[in-house]
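Summary of structural features
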Amino acid sequence: MPSTTWNRHHVLSLADFTTTEYDTVLQTAASFQEVLSRRTKKVPSLQGQVVANLFFEPSTRTRSSFELAAKRLSADTLNFTAASSSMTKGETILDTAKTYLAMGTDIMVIRHREAGVPNAIAQEMDRLGVRVSVLNAGDGQHEHPSQALLDLFTICKLMDCSHPRLELLKNKKIAIVGDILHSRVARSNIWSLTASGAQVHLAAPPTLLPQLFQDFVLERGETDPSPTLNRQLFLHWELEPALKDADLVMTLRLQKERMTDHLLPSLREYHQTFGITRKKLKLCQPHVKVLHPGPVNRGVEISSDLMDDPEFSLIQSQVTSGIAIRMALLYLLGSGKDSA
């Protein structure tokens, strides 16, 4: 494992991640991916620690990935499901978190449909003075740090399998296409990809990419560790300029469950104008690769044949990368407790 000291107690957002932290996560994940290729895929790194997956919102991929990652590290796992919990009897979210704290939880992985819930739980743990780490597994339309990190890991491993690192993406053109307005994945990816020096181009209909969205990066406040960082972010309301000469294309799922208004005429029309197909990829670099955080609406965000084509698609690699990245995050948060 990398010897770099890890001082972060919670992982709630990528807005204040440093280059060193990105590279530490990437290199730690690379080490764990090597472990996952062995016949015995388990290590004792978090033996004796308890990881609680508190998912207040339905999830299959993220929850399964975190659970498997914890088990590969030999941690004990507790899984929370809101539908069968005491919250149906009136218990608050913070009281639920305290219940899991009383069970000896060391790391809480939180997913919630409302933005800010993981941060509120982290603040409560800090107020109580306990050494419990909180990892944001997706909160509302705020962020999804582990998804963006696994996307970053997938891309960097493609460019340098033995030494994935942030600088590999400098000056690369990356197009993010789709429902950016409602996407926590897009927000976290904007932080990570612009920190790498990549040129990030957002493309969507105006209803899914308002002009004020650029303020998300431009008005980043005092938490940015590199206030002079030249984050390159460009907005497009047509697909072609975003795809032209792109090295990578990330297409996002239409967040139909989060849409409160009729923001699109039809899914068919969306696919015709913003859906990613082989024909449209001809605008990109010949070596272009396509990513999607999943689950995929086939024939809407991306054509079915392109999704299944290993020459272009990195979608299955993203799923595999997710376990290694989440092992890395749990390991880095959990190993810090040994010296506490």
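Just above sits the structure.
Everything in this summary refers to the structure shown in the same document. Position labels on residues start from 1 in each chain and follow its written sequence. Selection of residues for local features in this predicted model requires a pLDDT of at least 70, selection of side-chain atom pairs for listing and counting requires 80 or more, and totals for whole chains, interfaces and linings are taken over all residues. For side-chain calculations, the full set of non-hydrogen atoms in the structure is used, while hydrogens and water are omitted.

Thoughts on helix α9 (residues 267-274)
The α-helix winds at 3.6 residues per turn, so residues separated by three or four positions along the chain end up facing the same way. Rules: In this scheme, a residue with accessible area under 20% of its type's maximum is buried, one over 50% is exposed, and one in between is partly exposed, where area comes from a 1.4 Å probe on protein chains only. Helix and strand labels come from DSSP, where a helix needs a run of H or I of at least four residues and a strand needs a run of E of at least two; each type is numbered from the N terminus. Relevant arc is that of directions from the helix axis to the C-beta atoms, nothing else.
Looking at α9, one finds that the buried residues are Y270, H271 and F274. Projected onto a plane normal to the axis of α9, the buried residues spread over an arc of 100° and lie on a single side. Exposed and facing more than 90 degrees away from the buried side of α9 are R268 and Q272.

Here's the deal with the nonpolar core
For soluble globular proteins, nonpolar side chains are generally found buried alongside one another. Where we set the bar: As used here, the term nonpolar core means buried Ala, Val, Leu, Ile, Met, Phe, Trp, Tyr and Cys residues forming a set that is joined through side-chain atoms within 4.5 Å. Domain limits in this description derive from either an automatic procedure or a database domain assignment. Two residues qualify as a contact provided that any one of their heavy atoms is within 4.5 Å of a heavy atom in the partner residue.
Within the largest apolar cluster, 94 residues are counted, with the highest numbers of intra-cluster contacts made by L202, V249 and L330. Looking at this core element by element, the count peaks at 11 residues for helix α12 (residues 315-335). Mapping this core onto the domain boundaries places at least three of its residues in each of domain 1 (10-143 + 320-336) and domain 2 (146-314). In contact with L330, not counting residues within four places along its chain, are L46, V51, F66, A69, A70, L73, I107, V109 and L135. Residues F80, I110, V117 and V132 belong to the second largest nonpolar core, which totals 15 residues.

Here's the deal with the sheet that holds strand β2 (residues 76-81)
The line we're drawing: Pairing between two strands requires that DSSP report at least two bridges joining them. Between N-to-C directions, angles span 0 to 180 degrees; the directions come from axes that are lines fitted to C-alpha atoms, helices contributing only their stretch in contact.
Taken together, 4 strands build an open sheet; the order of strands is β2-β1-β3-β4 and the sheet is parallel. With partners counted over all chains shown, the strands left at the sheet margins are β2 and β4 (133-139), one partner each. Direction aside, neighbouring strands of the sheet carry axes that sit 15° apart on average. Relative to β2, strand β1 (residues 50-55) runs parallel, the two being bridged by 6 bridges. Bridge assignment links V50 to a residue of β2, and that residue is D76. Against the sheet, helix α2 (residues 61-72) makes contact with β1, β2, β3 (107-112) and β4, and its axis sits at roughly 160° relative to β2, the strand it touches most. Seen against the sheet, helix α4 (residues 117-128) touches β3 and β4 and runs at an angle of roughly 170° to β4.

Some details on the layout of surface pockets
Stated precisely, the cut-off is as follows: Only protein atoms enter the 1 Å grid used here. Points where a 1.4 Å probe fits but cannot escape make up a cavity, open sets with protein on both sides within 12 Å along at least five of seven lines make up a pocket, and a residue lines them when an atom lies within 4 Å of a point. Grid points are joined across faces, edges and corners, and a volume is the space filled by probe spheres set on the points. Residues are grouped as follows: Ala, Val, Leu, Ile, Met, Phe, Trp, Tyr, Cys and Pro are nonpolar; Asp, Glu, Lys and Arg are charged; every other residue, Gly included, is polar.
By volume, the largest pocket amounts to about 740 Å³. Lining the largest pocket are 35 residues, with T62, R111, R253, G294 and P295 sitting closest to its centre. Every element with two or more residues in the lining of the largest pocket is listed here: α2, α5 (145-159), α6 (184-195) and α12. Broken down by element, the lining of the largest pocket gets its largest block of residues, 6 residues, from α12. Looking at the lining of the largest pocket residue by residue, the classes come out as 10 nonpolar, 15 polar and 10 charged. Counting the residues that make up the lining of the largest pocket, at least three belong to each of domain 1 (10-143 + 320-336) and domain 2 (146-314).

Details of the pattern of salt bridges
Note the following rule: Take a side-chain nitrogen of Lys or Arg and a carboxyl oxygen of Asp or Glu: if they are within 4 Å of each other, that pair is a salt bridge.
Under the definition given, this model contains 13 salt bridges. Between E21 and R8 there is a salt bridge whose closest N-O contact spans 2.8 Å. On the criterion of sequence distance, the pair formed by E21 in helix α1 (residues 19-36) and R8 in the segment before α1 is long-range, its members being 13 residues apart. E21 sits in the buried class, given a relative accessible area of 14%. Its relative accessible area of 16% is what places R8 among the buried residues. Three or more residues are tied together by salt bridges with common partners; here these are R8, D16 and E21.

Overview of unusual backbone geometry
G294 connects to P295 through a cis peptide bond whose omega is -10°. Positive phi, normally seen in glycine, also occurs at S74, with a value near 70°. Inspection of the secondary structure assignment puts S74 in the loop between α2 and β2. For S74, a relative accessible area of 17% translates into the label buried. In the Ramachandran plot, D245 falls in the positive-phi region, its phi being about 65° despite a non-glycine side chain.

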